[in-house]
Amino acid sequence: MAAGLAERSGLELSVAARGPARRPRDLLFNPPGTLPLPVGRYGDSAGGFCYQESAQLAAATRNRFVRWTTSGDTVELVEESLDVNLLNNAVRLRIQGCPLLPGGVHLCEVQSHLVVLLVTAQTVHRLLLPHPARLYRSELITESQIQSVFTDIGKINFRDPSNYCVIPSVPGLASNSVASAAWLSSEGDALFALPSALGGIFVLKLPPHDAPGTVSVVELKQSSVMQRFLTGWMPTAIRGDCGPSDLPVSLSVHCLDHDAFLFALCQDHKLRMWSYKDQMCLMAADLLEFVPVSRDLRLAAGTGHRLRLAFSQSLGLYLGVYLHAPKRGQFCVFQLVSTESNRYSLDHISSLFSSQETLVDFALTSAEIWALWHNEENQTVVKYINFEQNVAGQWNQVFVQPLPEEEVTVRHDQDPRETYLEYLFMPGRFTNTAIQKALQIFSQGSERHVDLTWDELKKEVTLAVESEFQGSVTEYECSPEEFWQLQVEFWSKFYACCLQYQEALSRPLALHLNPYTNMVCLLKKGMLSFLVPCSLVDHLYLLSNEHLLTEDDAAIFDDLEMSRDVVCLVQCLRLIGESISMEMAFIMEMACSRLQPPEKAAEQILEDLVANDTENVMEDIHSKLQEIRNPIHAIGVLIREMDYETDTDMERAHHLNMRLNLTQLYGSGTAVSVVCWGVCKIATIRFLICRDLLILQQLLLRLGDPMVLGGGQVFQSQQDLLHRTSPLLLSYYLIRWASQCLASDVPVDTLESNLQHLSVLELADTTALTPHKLGKMSTTRQLSVSVLYPREGKRFMHIRPSNDRGAVLSGSGQKTHHISTVLAIQHFFGRNEFELAPSHHRNRGRLSAAPPRWPSNPSFLFPECLMGSCQYTQLQEYIRLLQPWCHVNMGSCCFMMGRCYLVMGEGHKALDCFCQAASEVGKEEFLDRLIQPEEGEMISTPRLQYYSKVLRLLDLVGLPELVIQLATLAVMESADDWRSQATLRTCIFKHHLDLGHNSEAYVALTQNPDPSRQLDCLRQLVVVLCERSQLQDLVEFPYVNLHNEVVGIIESHARAVDLMTHNYYELLYAFHIYRHNYRKAGTVMFEYGMRLGREVRTLRGLQKQGNCFLAAINCLRLIRPEYAWIVQPAPGAVYERPGASPKRSHDGEYTAAPATRQIEILELEDLERECLLARIRLTLVQHDLSTAAVAGNSTPEETVALLVRAGLFDTAVTLCQTFKLPLTPIFEGLTFKCIKLQLGGEAAQAEAWDWLATNQLSALVTTKESSATDEAWRLLSSYLERYPSQNSLYHRCVINKLLAHGIPLPNWLINSYKRVDAAELLRLYLNYDLLEEAVELVLEYVNAVLGKGHQYFGIEFPLSATAPMVWLPYTAIDQLLQALQESSTNHHNSVLYQKLHAKLEDYQEKVSVATRDRLYRRN
């Protein structure tokens, strides 16, 4: 490829923002001492400023610049960045009544400030802003948004005298001139140069902002040879007159260390150079010497001349002069040359001519001139030329963005609203501002529409036009044709408004060229665009016929004949492209969209071209083909230039040895907008080239002329080229679609959910946009999907350092790129297709993007980024368009399509895609990254790793059926890997269980080869089926070789969980009953009942306890008697907590070693006693719920006490008899209740009837005379009669209780005890000091012994010589006598003593008589 290829055409790429229009902050300043001037005095102007370090990668001002526009007394300043989005970056300053001079905005950069110098018709201003390098350091800029340099401009005091000055009304000051210049001196002075009407220059100086001083003025005159600083103004007569032809029409300044050169291009066609320091004119050159025909020009005033400077450290200072003449113009380029004695001259470098009439602006570099014109049709013309290398003076054309068509064609079968909306909101066609302004006018100002997103704006436009349409229709009924016509009328009216504003906003004002990076911008009234060179193919195809005929063939290829063949081939393509109608073009578009073969569509278009060839185009093409020496070879060369599938330029990236963190490089909204439009432009052009090339190849096949095809060419070569062209066409169609397709707004929660899915796939760190960034982006504007993509390229850029200070990005070893368009093209095409900022620095760095992003190349980054950004609808369409013809990354495409189906709810389609992708695992880079094992993860085959990732994804999405299907498929491929088998079987089991497929889950469990996993699954099966109450399935499963494990699991759960909320014991009981293991079933229920009594001390717990014991008894009764026994469950089995330490107690102390427990065997009788005890506890709790807390686990003795307290004496007697317990507590309790009733009131009487009713009285008396107390005493009496005791134990305990409480003994009790044990009654009387009762008892007892009432004391035979012997309790009687004798001071006791003593003496006498009679009778 020849080096001259850099001289190509250019393309304009607009920054088409699709979000709300930027709203600059408005500032107003009314300078005192000025008079209002007409605002329209000067035309609109624009310009730009570049930071000195804008090309340095490590600088905070990298890829940043400031642009400005003036209109009347208002200047709008905007700071742009290609790397980050700048906040508060736009400000609109109005200096009321003071129109700004065209070009009257100058920006200067000092160490700590950015200084804005403004020149108006009446004032000059200085604005000091903090330099971005002070606010940020580049390595700290990691956010996507930072503050602009204009953020704090509102804090400036515009009225501060140090910030502005009113230009005095000086005689000689050119009031009508628009030339001006401004700069900063090395001392910090702000200097403003204004032309003098007499040919000189006035320089107004503002002292440094931080130093005191006054405003001073210097006048530079041609006759001045001495330095004069004028603090006042001298009359014109004193200074002398200069001719008005000397008036400067363009001023420029070049700053030196301690001086400044002022260059003035004057009306007399002379260029003068002044030294501000020496106050003298150092040079005056007559420019007409360089004009071929200057006679007429010398007589005319040079009011249209322009002057530009360009400085290079290596080449020096260049001066570019535009000399305006009617209907022609000339550019002259000079180099300033200094000689000895401080003398200067101009070295003429080049003269360039142009025929355009109106020059708007031009820019100069040390090698090129860029010029902007308006032609006779008022169309924008931009051209550039390299004046050093282009000897022929041929300008390179820049293809500017055309305005939208004046009319929109709407077919009758189309809806006007849909057609116009689609056209209006096509990306890159209308700006948001133009549509909003049109909407404001169309709505007649009734409502302001600001800060609207693209979708909101579309809705507002629809509402406005429909409202206007409905408001104008007066008839209720109209025909469909009339309705359609009215719609077209109103929509075309709105479209005309949009077109008018779009045209106004698209009016170019100036060119801005970055001297450090050679980035070229076209500044328009309401937008910004970039100018970039075309590639070779695009250059040839877009070039007009006259320029194409004059194209230097040697500048294309080193092979001259091949160059001529390619030019002729492109001419043929141009002829075909110009002949294709809209209908024909639509055929190819639909074929690509419907996935039909492009060759067939090309063949049909060719037939239409031949059928409608009225201008003999086919003959012209045939004649051109005759001129091509080797058409097959030429077509192959053209295809190779556009096909990047085999491009190896990027291999140099492997040799780069340094990486820079370029996180924010080309990440701003401005850059990505240019990316979008640049990709769309190139793809559109290449699509048309491929389409025309495909039609031409069909024509060659049809001709079949060996003379045309060239000798030796075979049919197979033609077919091969045809099959190479078709994928190329589809590739560019796909890329064009991606650049035009809008990204969808995605809610933040959806982004977060998507990020979770990607994290499962371990792809979250490779996506281009985080949810936070994309969430903010999607809420502010709609983007093309290609805009989402170039950010990813930042991870692949490498910089190779060199010995130069700093580094710039350069491509192909030649040119520097300062816009993400280059990145986009490299990512899509794999090499540089156009460059935004072609720099001429050499060997300072090299940019690479690896690997290429051509659709048929191995990298899969673009679809991956769409997936990461939740653009699944667009991703699905992308893959749909790609899959039929692209055989690279087929598995990755299937996987991505599966992701799309998964997001859209079509799970089964997704599974099919995932399964298809499995066959390509290990063959594609994306799938290889997908299967990288995690740290510590078991390594298996690539396909099993792939299945594992997909299974996790399906599990996270919540599609268990698909998980089962995929896992089942994976099982068949993992026959030799038992670990993977275990994992997959576990997965199948889990999801079958989740779905309620219990039988399938059990089968999967039994097929698990890992015992530990099998046990885990079994445990989960038991728990889940219990929670779902699906106990029948759980019991009836066969559990082959798992019986003991199931029992252990259920037992452990039964002993570990709450008894009342889980029924594991009942489950285990049913489990054993189902298998006829009755003894184990009885053991389970008995343990269950024991735990219920200890842990669930409630009425319900006692009820369940009784049922448990009954169930246990029934189980044992089903067994033969010799086997009807169970083992007493150990207490540890009940009380040990799961997970508790076997060595330490709950407080951490060591526990004593457990003693060896003896096994306790429980037989049927033992269970029956426990069952009786449980029923009695239940009866107790039912009678008194307050006893539930203590009755549940109480012993029989404790239960008796509780029953006695509750008054359930009959039940207590039954319990005592069952467990062979004494009845003493019952008699004591009943006696105490009798005492309470006797001493209590009516309330106690009423309560007593409740517990009396629970006991069976022998003959209940219900007469009025019978009270509760009487019934209680009667109950006690009946118990004493019913339950006799040895040694009258129960009588004694009752009497003891009564006497202890001081209650007189009832007669029935005394009489009863007399018959049982009168002596014990006497001793009780003595114990409680009841002497009188004791005396009466002794007297009665003596009388009974003597025969009087002996039957009441149980004496069968009284004292008699013939009867058996009788006796008296002499010891007790002696104690009674002793007690009476000791208390003889008491008269009553003395009487009792005498009475008792007498009775005993009488008794003794009778005993003596009876004794003698017995002895007598014996003898």
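Everything that follows concerns the structure shown earlier in this document.
One structure accompanies this document, and this report is about it. Source: prediction; values computed, not measured.

### Some thoughts on the overall build of the chain
Reasoning step 1: Across its full length, the chain carries 49 helices and 36 strands.
Reasoning step 2: When the 1419 residues of the chain are sorted by exposure, 54% land in the buried category.
Reasoning step 3: Contacts in the chain between residues far apart in sequence, at least 24 positions, make up 64% of those at least 6 positions apart.
Reasoning step 4: In the form shown here, the chain has an accessible surface area of approximately 64,300 Å², with 50% of it arising from carbon and sulfur atoms.

### Section: the environment of Thr670
Reasoning step 1: Tracing the sequence through the fold places Thr670 in helix α15 (residues 669-703).
Reasoning step 2: Classification of Thr670 as buried rests on a relative accessible area of 12%.
Reasoning step 3: Placed 655 residues apart in sequence, Thr670 and Val15 show a C-alpha to C-alpha distance of 6.1 Å.
Reasoning step 4: The residues contacting Thr670, other than those within four sequence positions of it, are Val15, Glu80, Ser81, Leu82 and Phe530.

### A word on the sheet that holds strand β8 (residues 100-109)
Two modes of strand pairing occur in sheets, parallel and antiparallel, and in both the strands are linked by backbone hydrogen bonds.
Reasoning step 1: With antiparallel pairing, the 4 strands of this open sheet are ordered in space as β8-β9-β10-β12. Edge positions in the sheet fall to β8 and β12 (164-166), since each has one partner strand and no second. Recorded for the sheet is a direction-independent mean angle of 10° between the axes of neighbouring strands.
Reasoning step 2: Both β8 and strand β9 (residues 113-120) contribute to a ladder of 6 bridges, which runs antiparallel.

### Comments concerning the packing of aromatic side chains
Reasoning step 1: Going through the model one piece at a time under the given rule, you end up with 41 aromatic pairs.
Reasoning step 2: Here Phe65 and Phe530 contribute two aromatic rings whose centre-to-centre distance is 6.5 Å and whose plane-to-plane angle is 90°, an arrangement assigned as edge-to-face. Residue Phe65 is found in strand β4 (residues 64-71), and its partner Phe530 is found in strand β32 (residues 528-533); the two are separated by 465 residues along the sequence. Taken individually, Phe65 and Phe530 each receive the classification buried, so the pair is uniform in this respect.
Reasoning step 3: Measuring from centroid to centroid gives 5.7 Å for Phe469 and Phe490, while their planes differ by 80°, and the two rings are edge-to-face. Of the two residues, Phe469 is situated in helix α6 (residues 454-472) and Phe490 in helix α7 (residues 480-505); the sequence distance between them amounts to 21 residues.

### Some points on the pairing of strand β13 (residues 181-184)
Reasoning step 1: Residues of β13 alternate between two faces, with Ala181 and Trp183 on one and Ala182 and Leu184 on the opposite face, all of them buried.
Reasoning step 2: Of the strand pairs in this sheet, β13 and strand β14 (residues 190-195) are connected by 4 bridges, and their pairing is antiparallel. Looking at the pairing, Leu184 lines up with Ala190 of β14.
Reasoning step 3: Counting the residues that bridge the hairpin from β13 to β14 gives 5 residues, and of these Gly188 lies at a positive phi of roughly 95°.

### Observations concerning the nonpolar core
The nonpolar side chains of soluble globular proteins are, as a tendency, buried together.
Reasoning step 1: Of all hydrophobic cores here, the largest spans 190 residues; its most connected members are Phe895 and Tyr946.
Reasoning step 2: In terms of residue count, the dominant contributor to this core is α15 (17 residues).
Reasoning step 3: Excluding residues within four positions of it along the chain, Phe895 makes contact with Leu761, Cys913, Phe914, Ala917, Phe926, Leu927, Leu930, Tyr946 and Val950.
Reasoning step 4: By size, the runner-up hydrophobic cluster in this structure holds 81 residues, among which are Val1213, Tyr1283, Val1342 and Leu1400.

### Examining the sheet that holds β32
Reasoning step 1: Strand order in the open sheet formed by 8 strands is β26-β27-β28-β29-β1-β32-β31-β30, and the pairing between neighbours is mixed. If you trace the sheet from one side to the other, it starts and ends with β26 (358-364) and β30 (508-513), each paired once. Ignoring which end each strand starts from, the neighbouring axes of this sheet average 25° apart.
Reasoning step 2: Relative to strand β29 (residues 396-399), strand β28 (residues 380-386) is paired through 3 bridges, and the arrangement is antiparallel. Pairing of Val382 across the sheet is with Val398, part of β29.
Reasoning step 3: Contacting β1 (10-14) and β32, α15 crosses the sheet at an angle of about 135° to β1.

### Side note on a nonpolar patch on the surface
Reasoning step 1: Taken together, Val1127, Ile1159 and Ile1161 make up a surface patch of nonpolar side chains, about 270 Å² in accessible area.
Reasoning step 2: Tracing the backbone through its elements, the reader meets Val1127 in strand β35 (residues 1125-1127).

### Observations concerning unusual backbone geometry
Reasoning step 1: The backbone of Asn518 sits at a positive phi, close to 60°, despite the residue not being glycine.
Reasoning step 2: Within the secondary structure, Asn518 is located in the loop between β30 and β31 (520-524).
Reasoning step 3: If you check the backbone angles, His1076 has positive phi at about 60° while not being a glycine.
Reasoning step 4: Within the fold, His1076 resides in the loop between α34 (1064-1074) and α35 (1078-1095).

### Description of the environment of Tyr322
Reasoning step 1: Secondary-structure assignment places Tyr322 in strand β23 (residues 316-325).
Reasoning step 2: In sequence terms Tyr322 and Leu307 are 15 residues apart; their C-alpha atoms lie 6.4 Å from each other.

### Here's the deal with the pairing of β32
Reasoning step 1: For β32, the buried fraction is high: 6 of the 6 residues fall into the buried class.
Reasoning step 2: In the sheet, β1 pairs with β32 via 5 bridges, with the strands oriented antiparallel. Bridge pairing links Leu11 to Val532 in β32.
Reasoning step 3: Where β31 lies against β32, 4 bridges are found, and the strand directions are antiparallel. Its bridge partner lying in β32, Leu522 is registered against Ser529.
Reasoning step 4: Counted along the chain from β31 to the antiparallel partner β32, the turn is 3 residues long.

Rules of the game
- Residues numbered from 1 in each chain as written.
- Predicted model: local features only at pLDDT ≥ 70, side-chain atom pairs only at ≥ 80, totals over all residues.
- Heavy atoms only, no water.
- Helix = DSSP H or I, 4+ residues; strand = E, 2+ residues; numbered from the N terminus.
- Buried < 20%, exposed > 50% of the residue type's maximum accessible area, 1.4 Å probe, protein only.
- Contact = heavy atoms within 4.5 Å.
- Areas by Shrake-Rupley, 256 points an atom, 1.4 Å probe, with all protein chains shown as cover.
- Pairing = 2+ DSSP bridges.
- Axes fitted to C-alpha atoms, helices over the stretch in contact; angles between N-to-C directions.
- Phe/Tyr/Trp six-rings, centres within 6.5 Å; stacked < 30°, edge-to-face > 60°.
- Core = buried A, V, L, I, M, F, W, Y, C linked by side-chain atoms within 4.5 Å.
- Patch = residues over 30% accessible without salt bridge, like charges linked within 9 Å, V, L, I, M, F, W, Y side chains within 5 Å.
- Salt bridge = Lys/Arg side-chain N within 4 Å of Asp/Glu carboxyl O.

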